[in-house]
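Letter by letter, the chains look like this.
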Amino acid sequence: MSQVDGIANLAASRMILKTSLENSRALASALDSTGQRLEGMKQRLPSLEAAVKHVPRKKCTFAAIREHIDRAIGPAAAVLKVYDIIQDLQKSLLSHPCSDLSTYLLMVKQLEESLKFLADNCGLAIQWLEAVLEFLEDNEVHDDLYVLNVNKSLSIMQELQATEKHARLGGGILCAAFDKLEVEFRQILVENCFCVVLDSFSSSIRKQASIAPSPLPVAAIQKLQVIIERLDADNRLEKCISTYVEVRCLNTMRSFQALDLNYLNQSPDEFDDVQDVECYVDQWCKHLQLAVKQVFETEYKLCSDVFEKNGPEVWMDCFAKIVTQSGILSFLRFGKKITECKNDPVKLMKLLDIFATLDSLRVDFSRLFGGSACIEIQTMTRDLLKGVVNGACEIFWELPIQVELQRRSSPPSDGSVPGLVSFVTDYCNHLLGDDYRPLLTQILTIQQSWKQEKCQEELVANQIYHIIKQIGLNLDAWSKAHYDLTLSYLFMMNNHCHFCSLKGTNLGGLMGDSWLKAHEQYRDYYMTLYLRESWGEIFALLSQESRVLSFPTRGSVGDLVKKRLKSFNEEFDHMYQKQSNWVVPCEDLRLRMCKLAVQAYVPVYRSHLQNYEFHQAETDASPSRHLKYTAQGLEAMLCSLFQPKLSKSGSSKHNRLIGKIKDIVTDNFRLTLMAA
């Protein structure tokens, strides 16, 4: 059984070997044929390699840049759509903003946004196209047409990207739109500019300043604001400000034309003497108040309204430019010129007027011109105020000295009140008035504070006392300068009467009742001396003659009467002729003197005439042969004395004469002030 199994195994092994041998023979044959084929392929490979060398590489390159191209296509498509929108907006912006400002501004905004969107998308497309070009260069792709197309697309995108920049340049669509908005800005300003009607009444000034209405309608201000906002976004705010300043300055200057401010620009040579420009100072005070409270106040409010959204620094700078170019500095320079004029009493009054104006505008100046943009105005105002205070104090403190220096001058030859006395008392009355005394006190206090001196009370009153004391000393000296004693009495009587007339005035109130009563007593005293020393001695001749006639002796009476009468007539004529040019300015005093003279001396003369006529009748002589004056004629002559010498034109000429006297006095004051 085991033998049979072995034979079977051998047979199976033989079959396996036989099959393996056949398979080996078939494989060898296949290998032989394959080798021949590989040898043929080997021989053909170099030429095939040369033929297909670049084909797989190009396919790989295009596959790699597909992503870059896909990414560039999106922005490029958006660019085309936005460009179409820009073209439509450009056509719409050819219209003028005045037709519909809000719509025009909206289109300008859309155009700006579209241009920005175009530039942004062009930027993205340019980035991907540059990446494609760089990839092609790195992979040495030499397809000229393809590279040319990429470069052309890149150039187009770069050109489109610069559209926004070109639109903002001169001649560009956006620049043209902004130019039209600037034109519309100016047009709105011009159409709504109206000259301020300047009212010179102080009450009206205060009223208008408190109301301070806006000169532009609300709708116009709103339009200006939206235009400013749009132009400011394009960095054109300075152009808006310059246009606004130009238009508003022209309007302000037109408002000032009604005031005729040419005097502000007079040359310094014309300001040598304050009296020459005294009327201009009065105008300056009114005009400065009008300018500040009506014109500059209006411009301040309008600047604040129009440029409110741009902040206080912007609109304050704009306001400063307007007021500077409109003439505020000319006002301040004029005031400074007045402080530099020659010193005289009139200048003190004018300086006080200037100070009063500046003081009344102090709050307004601080509010309107207190910002950093108004530094020049602040500096000039401080310089003007300093010149006013120091100049006024200098003149005021020098007044007693200048009065004393006039002591060397000659008194009036007609016995009237010297021009200096009238001027100084009137001048002091003005200084003590409600208008000037508080100002003068304030100025003196300010100067003391600058000098860090202790503030003294009643500075003004004490100085006025000193001035009047010097006037009294001058009168004593002038009275002694008269060689005629009776004229000296008349002179002192007139001046004491002048001081008596100060009762009820500011100066009289300051000096007091006892001072006034003392001058009344001195007036009456000198009047008595005058009457006694002048007419009393003359009429005494008649009294002596009356005593002689009471005990006549025949033969000598006639000659004695003639001699006495002739002597009286000569003395009377001489005295009357001498006193015919003397003056008693006070009418009440003049009438009183004449009345007293008539009451005292005419009865004596009338009594003499009665005695004379009686004795002449006894000798059968003509009683009127030696009589030159009747009692009525003598009375008329006495009453005609001391009349003020008025011209035919009456009081107007008299007022001019008084003005001339004051001018002469002021000139003397000025000369001595300058000498000091």
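Residues numbered from 1 in each chain as written. Predicted model: local features only at pLDDT ≥ 70, side-chain atom pairs only at ≥ 80, totals over all residues. Heavy atoms only, no water.

- In the annotation of an unreviewed UniProt entry, the protein chain is listed under the name Exocyst subunit Exo70 family protein and assigned to Salix suchowensis.
- Here the protein chain is described in UniProt, under the heading Function (unreviewed entry), as follows: "Component of the exocyst complex."
- Comment text from UniProt for the protein chain, heading Sequence similarities (unreviewed entry), reads "Belongs to the EXO70 family." (UniProt positions renumbered as here; feature names shortened; annotations may be inferred.)

1. Describing the overall build of the protein chain
Then, number 1: Scanning the protein chain for helices and strands turns up 25 helices and zero strands.
Then, number 2: In the protein chain, which comprises 676 residues, the share counted as buried stands at 43%.
Then, number 3: Once local pairs closer than 6 in sequence are excluded, the contacts in the protein chain between residues at least 24 apart make up 82%.
Then, number 4: Per element, the accessible surface of the protein chain, about 37100 Å² overall, is 54% carbon and sulfur. (Helix = DSSP H or I, 4+ residues; strand = E, 2+ residues; numbered from the N terminus. Buried < 20%, exposed > 50% of the residue type's maximum accessible area, 1.4 Å probe, protein only. Contact = heavy atoms within 4.5 Å. Areas by Shrake-Rupley, 256 points an atom, 1.4 Å probe, with all protein chains shown as cover.)

2. Observations regarding helix 16 (residues 419-431)
Then, number 1: Look at helix 16: 18 Å from first C-alpha to last across 13 residues, which is about the 18 Å you get at 1.5 Å a residue.
Then, number 2: Along helix 16, the positions that sit buried rather than exposed are Leu420, Val421, Phe423, Val424, Thr425, Tyr427, Cys428, Asn429 and Leu431. (Expected span 1.5 Å × (residues − 1).)

3. Digging into the state of the cysteines
Then, number 1: By the definition in use, this model includes zero disulfides.
Then, number 2: No disulfide involves Cys594; its nearest neighbouring cysteine sulfur is the one of Cys639, lying 4.9 Å away.
Then, number 3: Exposure remark for Cys594: the relative accessible area of 5% places this residue in the buried category. (Disulfide = S-S within 2.5 Å.)

4. Topic: the side chain of Lys347
Then, number 1: One can find Lys347 in helix 13 (residues 345-360).
Then, number 2: For the buried residue Lys347, which engages in no salt bridge, the nearest side chain bearing the opposite charge is Glu394, 6.5 Å off.
Then, number 3: Sequence-distant contacts of Lys347, defined by excluding residues within four places in its chain, comprise Val274, Ile338, Thr339, Glu340, Cys341, Lys342 and Ile395. (Lys, Arg positive; Asp, Glu negative; His and termini not counted. Salt bridge = Lys/Arg side-chain N within 4 Å of Asp/Glu carboxyl O.)

5. Focus: the confidence of the model for the protein chain
Note: predicted coordinates in regions of low pLDDT should not be interpreted at a detailed level.
Then, number 1: On average, residues of the protein chain carry a pLDDT of 76, and 62% of them reach 70 or more.
Then, number 2: Under a pLDDT of 50 for its full length, residues 37-42 has, in the predicted model, zero contacts with residues more than four places off or in other chains. (pLDDT = per-residue confidence, 0-100.)

6. Remarks on the nonpolar core
Across soluble globular proteins, you tend to see nonpolar side chains buried next to one another.
Then, number 1: Of all hydrophobic cores here, the largest spans 148 residues; its most connected members are Trp284, Phe296, Trp535 and Phe572.
Then, number 2: The element best represented in this core is helix 10 (residues 278-306), accounting for 13 residues. (Core = buried A, V, L, I, M, F, W, Y, C linked by side-chain atoms within 4.5 Å.)

7. Looking at the packing of helix 8 (residues 218-233) against helix 10
Then, number 1: The geometry of helix 8 relative to helix 10 is characterised by a closest axis approach of 9 Å and an angle of 50° between their N-to-C directions. Relative to helix 10, helix 8 is oriented oblique. Together, Ile221, Leu224, Gln225 and Ile228 of helix 8 and Leu302, Asp305 and Val306 of helix 10 make up the contact between the two elements.
Then, number 2: Class assignment of the residues belonging to the contact of helix 8 with helix 10 gives a composition of five nonpolar, one polar and one charged. (Axes fitted to C-alpha atoms, helices over the stretch in contact; angles between N-to-C directions. Parallel < 35°, antiparallel > 145°, perpendicular 65-115°, else oblique. Nonpolar A, V, L, I, M, F, W, Y, C, P; charged D, E, K, R; others polar.)

8. Overview of helix 10
Then, number 1: Here helix 10 contains 29 residues, and its C-alpha end-to-end distance of 41 Å stays within 8% of the 42 Å for a straight helix at 1.5 Å per residue.
Then, number 2: The principal kink in helix 10, of about 35°, is found at Phe296. (Bend = angle between axes of the 7 residues up to and from the residue.)

9. Focus on the packing of helix 10 against helix 12 (residues 328-339)
Then, number 1: Interhelical geometry of helix 10 versus helix 12 gives an angle of 155° and a closest axis separation of 11 Å. In terms of orientation, helix 10 lies roughly antiparallel with respect to helix 12. The way helix 10 lies across helix 12 gives a crossing that is left-handed. Contact residues: Tyr280, Val281, Trp284, His287, Leu288, Ala291 and Phe296 in helix 10; Ile328, Phe331, Phe334, Gly335 and Ile338 in helix 12. (Left-handed = near helix turned anticlockwise from the far one by under 90°.)

10. Description of unusual backbone geometry
Then, number 1: In this structure, Asp260 is a non-glycine residue whose phi angle is positive, near 55°.
Then, number 2: Along the chain, the position of Asp260 falls in the loop between helix 9 (237-256) and helix 10.
Then, number 3: You will see that Gln452, though not glycine, has its phi angle at about 55°, which is positive.
Then, number 4: Among the secondary structure elements, Gln452 is positioned in the loop between helix 17 (437-450) and helix 18 (459-481).
Then, number 5: Of the residues examined, Gln452 reaches a relative accessible area of 75% and is grouped as exposed.

11. Some points on the packing of aromatic side chains
Then, number 1: Enumeration according to the criterion identifies 19 aromatic pairs in this entry.
Then, number 2: Here the aromatic rings of Tyr300 and Trp315 are separated by 5.2 Å at their centres, their planes lie at 80°, and the arrangement is edge-to-face. Here the residue Tyr300 occupies a position in helix 10, and Trp315 occupies one in helix 11 (residues 312-326), the gap between them amounting to 15 residues.
Then, number 3: On the basis of relative accessible area, Tyr300 is assigned to the buried category, the value being 16%.
Then, number 4: Chaining the aromatic ring pairs together yields one cluster made of Phe256, Phe296, Tyr300, Trp315, Phe319, Phe331, Phe365 and Phe369.
Then, number 5: Arg367 extends its terminal NZ or CZ atom over the ring of Tyr300, reaching a point 5.7 Å from the ring centre. (Phe/Tyr/Trp six-rings, centres within 6.5 Å; stacked < 30°, edge-to-face > 60°. Lys NZ or Arg CZ within 6 Å of the ring centre and 35° of its normal.)

12. Looking at the pattern of salt bridges
Then, number 1: Throughout the structure, instances matching the rule amount to 18 salt bridges.
Then, number 2: Residues Glu458 and Arg437 are paired through a salt bridge, measuring 3.3 Å at the closest nitrogen-oxygen approach. Here Arg437 lies in helix 17 and Glu458 lies in the loop between helix 17 and helix 18, a separation of 21 residues in the sequence.
Then, number 3: Among the ionic pairs, Lys578 bridges to Asp484, the shortest N-O distance being 2.7 Å. Taken together, the residues Lys578 in helix 22 (residues 557-579) and Asp484 in the loop between helix 18 and helix 19 (485-500) connect sequence positions 94 residues apart.
Then, number 4: What emerges from the salt-bridge pattern is a single network uniting Asp179, Glu182, Arg236 and Lys239.

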